[in-house]
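Descriptive structure summary
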2 protein chains.
Amino acid sequence: MLTISQLASYAGVTVRAVRHYHAKGLLPEPERDHSGYRCYGAAAAVELIRIRTLASAGVPLARVRELLGAGEEEFNAAIVDIDRRLRAEIRERQRHRERIAQLAAGDSLALPPEAVAYLDRMRELGLPEQMIEGERDAWILVAAQLPEHMPLYMTLKRQQLDDPATLQLYHDLIGAAAWEADDPRVEAIADRLVALIEADTEGWEDYDEVMPDELAQLLDAVFLDSMPIARTLLELLEERGWRGWTKLERIPPI
Amino acid sequence: MLTISQLASYAGVTVRAVRHYHAKGLLPEPERDHSGYRCYGAAAAVELIRIRTLASAGVPLARVRELLGAGEEEFNAAIVDIDRRLRAEIRERQRHRERIAQLAAGDSLALPPEAVAYLDRMRELGLPEQMIEGERDAWILVAAQLPEHMPLYMTLKRQQLDDPATLQLYHDLIGAAAWEADDPRVEAIADRLVALIEADTEGWEDYDEVMPDELAQLLDAVFLDSMPIARTLLELLEERGWRGWTKLERIPPI
DNA sequence: GCTTGACCTTGACCCTGCGTCAGGGCCCCA
DNA sequence: TGGGGCCCTGACGCAGGGTCAAGGTCAAGC
């Protein structure tokens with residue numbers, strides 16, 4: 001009666017798809033003619049069109065196999081189930097659309113809006129790209145671990161930028177990025193830093209409380225990698241009674 | 001610094017995914033420690049989070065690889081492209097939802113609504129399920145080949161059902177389905193059939209014109225398979241000057 | 001020093017829904 | 001008899017990993 005390609009074209013599917021349906025047990029293997037060609041009747045065409053109809057409605061083939069022999073009740077239950085799956089997939093893609101819409105805005109590759117705003121503020125204040133990238137990478141790590149605390153952190157960081165003495169220190173650190181590890185000028189930086197730390201301890205208790213030690217270590221490592229002088233600076237801070245960087249703590253007097 | 005599982009948990013992906021990204025060239029292989037373990041720095045965590053962010057936004061991994069090193073312009077172009085793909089996938093699933101909503105209504109597995117209405121009309125008129133299934137299978141084949149002509153066909157078929165003589169013949173054919181191939185009562189059926197054919201030739205020219213010969217042969221085969229008496233009936237029709245079944249044509253006198 | 005359990009390593013097979021060879025047989029036409 | 005167009009089986013490939021398997025490593029507790 002029909003060859004496989006005739007059958008396939010009747011049903012509007014490819015020859016390969018028909019053989020696939022045979023392999024998956026959706027469509028029974030037909031008789032063969034004397035030379036081994038598959039030989040289909042009209043019933044196969046009808047069955048194949050039913051398969052195609054279900055498959056093109058987004059029903060997984062394993063499910064199609066069950067549904068072809070199912071009663072009306074089972075069939076309707078499955079339809080409900082498949083519709084639920086389709087709705088979930090649509091919602092998922094809609095969320096994806098929202099995310100990539102956010103990504104279109106540059107820095108927000110992995111950062112919430114408040115962090116993007118903070119980085120933009122750094123740019124407005126004339127801080128250099130290199131420093132901003134360092135900050136960005138650090139906050140990407142924080143945002144991945146503690147997304148719910150980002151608003152708090154960003155509020156505190158923006159307050160720092162509003163303080164002229166702190167901002168000046170930031171500007172001076174730009175030059176320090178190029179210093180060798182034993183540059184003597186770092187002493188002055190360390191002194192000013194300690195003064196700022198001791199003047200501004202408010203708010204940072206909450207900050208430190210939610211920051212896991214491991215994350216703080218990782219962020220310290222990012223800082224240490226960012227400039228040669230970093231290690232020296234941390235040592236000088238320890239001499240002045242403060243340990244750490246991300247999560248500063250006063251060294252208790254012995 | 002970090003083991004693979006620590007890195008994975010920082011970025012919120014599985015260990016397997018990290019190795020997969022290595023294999024796909026998205027994330028460079030890091031140094032190994034003395035026992036062969038991968039040893040990651042903070043930069044890897046940042047990079048992995050960027051990968052995860054893009055991947056979870058529905059960007060294919062091959063595309064992620066290109067985008068990580070891309071400039072802003074290229075990146076934005078890609079974003080537009082990905083958004084287009086997501087919209088297309090959403091539309092596709094919405095169409096799937098519509099189709100399975102139609103499927104929930106029974107016979108419409110591969111049939112347009114007007115065909116479902118026609119089959120329902122047969123049911124109302126008390127014609128048996130077996131005959132309705134035969135019709136359904138035949139119209140599934142037609143709908144697959146000539147969906148745009150289904151309204152015309154169904155209009156003509158419903159007119160047939162409205163004709164009392166035709167309807168009576170349909171009812172009488174039910175009994176004939178069980179007859180042997182040589183039952184003498186088929187002569188009377190053939191006579192009545194020819195009378196109906198010759199009384200009602202209007203409208204069917206259009207019908208026959210758009211029906212490909214191959215499809216007509218297939219439908220004839222469906223009919224021949226459906227009851228033993230079918231072949232005899234076709235022979236008797238030929239004796240009376242009509243050839244075929246799906247696409248009847250008058251045999252020209254020699 | 002030995003075991004236990006939690007990690008780590010590479011390699012390989014599994015899923016969906018087919019597309020696309022590769023290597024060969026069959027049929028018809030010139 | 002040669003060529004082109006069918007057909008056959010078997011196998012690899014895609015994304016995005018999941019899930020073993022078989023073995024090496026590490027720290028802790030006995």
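Computed from a prediction, not measured in an experiment: that's the story for all the values here. (Residues numbered from 1 in each chain as written. Chains lettered and ligands numbered in written order. Predicted model: local features only at pLDDT ≥ 70, side-chain atom pairs only at ≥ 80, totals over all residues.)

This part takes up the overall build of chain A. Each helix and strand in chain A was counted, giving 13 helices and 4 strands. The principal-axis extent of the C-alpha atoms belonging to chain A is close to 95 × 40 × 40 Å. In chain A, which comprises 254 residues, the share counted as buried stands at 24%. The long-range fraction of contacts in chain A, counting pairs at least 24 apart against all pairs at least 6 apart in sequence, stands at 63%. (Helix = DSSP H or I, 4+ residues; strand = E, 2+ residues; numbered from the N terminus. Buried ≥ 20, exposed ≤ 12 C-beta atoms within 10 Å, placed from the backbone. Contact = placed C-beta atoms within 7 Å.)

Moving on, we come to the interface of chain B and chain A. Where interface size is given, it is often the accessible area lost as the parts come together that is meant. In this assembly, 40 residues from chain B lie in contact with 40 residues from chain A. Secondary structure elements with two or more residues in the side of chain B that touches chain A: helix 1 (4-11), helix 3 (42-55), helix 5 (72-103), helix 7 (129-145) and helix 12 (213-226) of chain B. With 15 residues, helix 5 of chain B is the single largest residue contributor to the side of chain B that touches chain A. Residue composition of the side of chain B that touches chain A, grouped by class: 23 nonpolar, 8 polar and 9 charged. (Nonpolar A, V, L, I, M, F, W, Y, C, P; charged D, E, K, R; others polar.)

This next bit is on the protein's contact with DNA strand D. Taken together, 17 residues are adjacent to DNA strand D, and T3, S5 and R38 of chain A together with S35 and L61 of chain B come closest. Mapped by element, the contributors of at least two residues to the surface near DNA strand D are helix 1 (4-11) of chain A together with helix 2 (15-23) and helix 4 (61-68) of chain B. Top element by residues in the surface near DNA strand D is helix 2 of chain B. It accounts for 3 residues. Of the residues in the surface near DNA strand D, the class split is 8 nonpolar, 7 polar and 2 charged. (Near = placed C-beta within 6 Å.)

For soluble globular proteins, the rule of thumb is that nonpolar side chains tend to be buried together. In this structure, L7, A11, A45 and L48 of chain A together with I140 and L141 of chain B are the most contacted members of the largest nonpolar core, which totals 43 residues. Among the elements that take part in this core, helix 3 (residues 42-56) of chain A stands out by supplying 8 residues, more than any other. Residue contacts for L141 of chain B: discarding those within four places in its chain leaves Y10, A42, A45 and V46 of chain A together with L215, L218 and L219 of chain B. Formed by 42 residues, the second largest nonpolar core is a distinct cluster that contains A115, W139 and I140 of chain A together with L27 of chain B. (Core = buried A, V, L, I, M, F, W, Y, C linked by C-beta atoms within 7 Å.)

This brings us to the environment of F75 of chain A. Residue and element names in this part refer to chain A. You can see F75 is positioned in helix 5 (residues 72-103). F75 sits in the partly exposed class, given 18 other C-beta atoms within 10 Å. Sequence-distant contacts of F75, that is, excluding residues within four places in its chain, are made with L67 and A70.

This brings us to the protein's contact with DNA strand C. Neighbouring DNA strand C are 17 residues, the closest being S35 and L61 of chain A together with T3, S5 and R38 of chain B. When contributions to the surface near DNA strand C are tallied by element, the ones reaching two or more residues are helix 2 (15-23) and helix 4 (61-68) of chain A together with helix 1 of chain B. Per-element accounting of the surface near DNA strand C gives the leading share, 3 residues, to helix 2 of chain A. Class assignment for the residues of the surface near DNA strand C results in 8 nonpolar, 7 polar and 2 charged.

To continue, consider the packing of helix 9 (residues 164-176) of chain B against helix 10 (residues 186-199) of chain B. In a pair of packed helices, the angle between the axes and the distance between the axes together describe the arrangement. Residues and elements named next belong to chain B. The contact between helix 9 and helix 10 brings their axes to 11 Å, and the two run at 155 degrees. Considering their axes alone, helix 9 and helix 10 lie roughly antiparallel with respect to each other. Seen along the crossing, helix 9 lies across helix 10 with a hand that is left-handed. Mapping the contact onto sequence places A165, T166, L169, D172 and A176 in helix 9 and V186, I189, R192, L193 and L196 in helix 10. Partitioning the contact of helix 9 with helix 10 into residue classes produces 7 nonpolar, 1 polar and 2 charged. (Axes fitted to C-alpha atoms, helices over the stretch in contact; angles between N-to-C directions. Parallel < 35°, antiparallel > 145°, perpendicular 65-115°, else oblique. Left-handed = near helix turned anticlockwise from the far one by under 90°.)

All names here are of chain B. Looking at where E66 falls in the secondary structure, it is placed in helix 4. Of the residues examined, E66 has 13 C-beta atoms within 10 Å and is grouped as partly exposed. Spatially, the C-alpha atoms of E66 and A78 are 9.6 Å apart, while their sequence positions differ by 12 residues.

Attention shifts here to the relation of the copies chain B and chain A. The two chain copies are connected by a rotation around an axis plus a translation along it. Least-squares fitting of chain B to chain A yields an RMSD of 0.1 Å, with the transformation described by 0.0 Å of translation along the axis and a rotation of 180 degrees. Classification of the inter-copy transformation places it as that of a two-fold axis. Residues of chain B ranked by C-alpha distance from the rotation axis are headed by I90 of chain B, positioned 2.7 Å from it. A shared binding surface is used by both copies, with 98% of the interface residues of chain B retained as interface residues in chain A. (Least-squares fit on C-alpha atoms with pLDDT ≥ 70 in both.)

With that out of the way, let us pick up helix 7 of chain B. With 17 residues, helix 7 of chain B should reach 24 Å at 1.5 Å per residue; the first-to-last C-alpha distance of 24 Å fits that figure. If you check which residues of helix 7 of chain B are buried, you get R136, D137, W139, I140, L141, V142, A143 and A144 of chain B. (Expected span 1.5 Å × (residues − 1).)

It is worth spelling out the packing of helix 7 (residues 129-145) of chain A against helix 3 of chain B at this point. One way to put it is that helix 7 of chain A packs onto helix 3 of chain B with a least axis distance of 9 Å and a crossing angle of 65 degrees. By the angle between their directions, the pair helix 7 of chain A and helix 3 of chain B is classed as roughly perpendicular. Two packed elements cross with a definite hand, and for helix 7 of chain A against helix 3 of chain B that hand is left-handed. Contact residues: helix 7 of chain A offers D137, I140, L141 and A144 of chain A, while helix 3 of chain B offers A42, A45, V46 and I49 of chain B. Considered class by class, the residues forming the contact of helix 7 of chain A with helix 3 of chain B number 7 nonpolar, no polar and 1 charged.

Attention now moves to the environment of R38 of chain A. All names here are of chain A. Inspection of the secondary structure puts R38 in strand 2 (residues 38-39). With 35 residues separating them along the chain, R38 and T3 place their C-alpha atoms 6.3 Å apart. Each residue touching R38, except ones within four places of it in the same chain, is listed here: I4, P30 and R32.

All quantities given are derived from atomic positions and should not be read as evidence of function.
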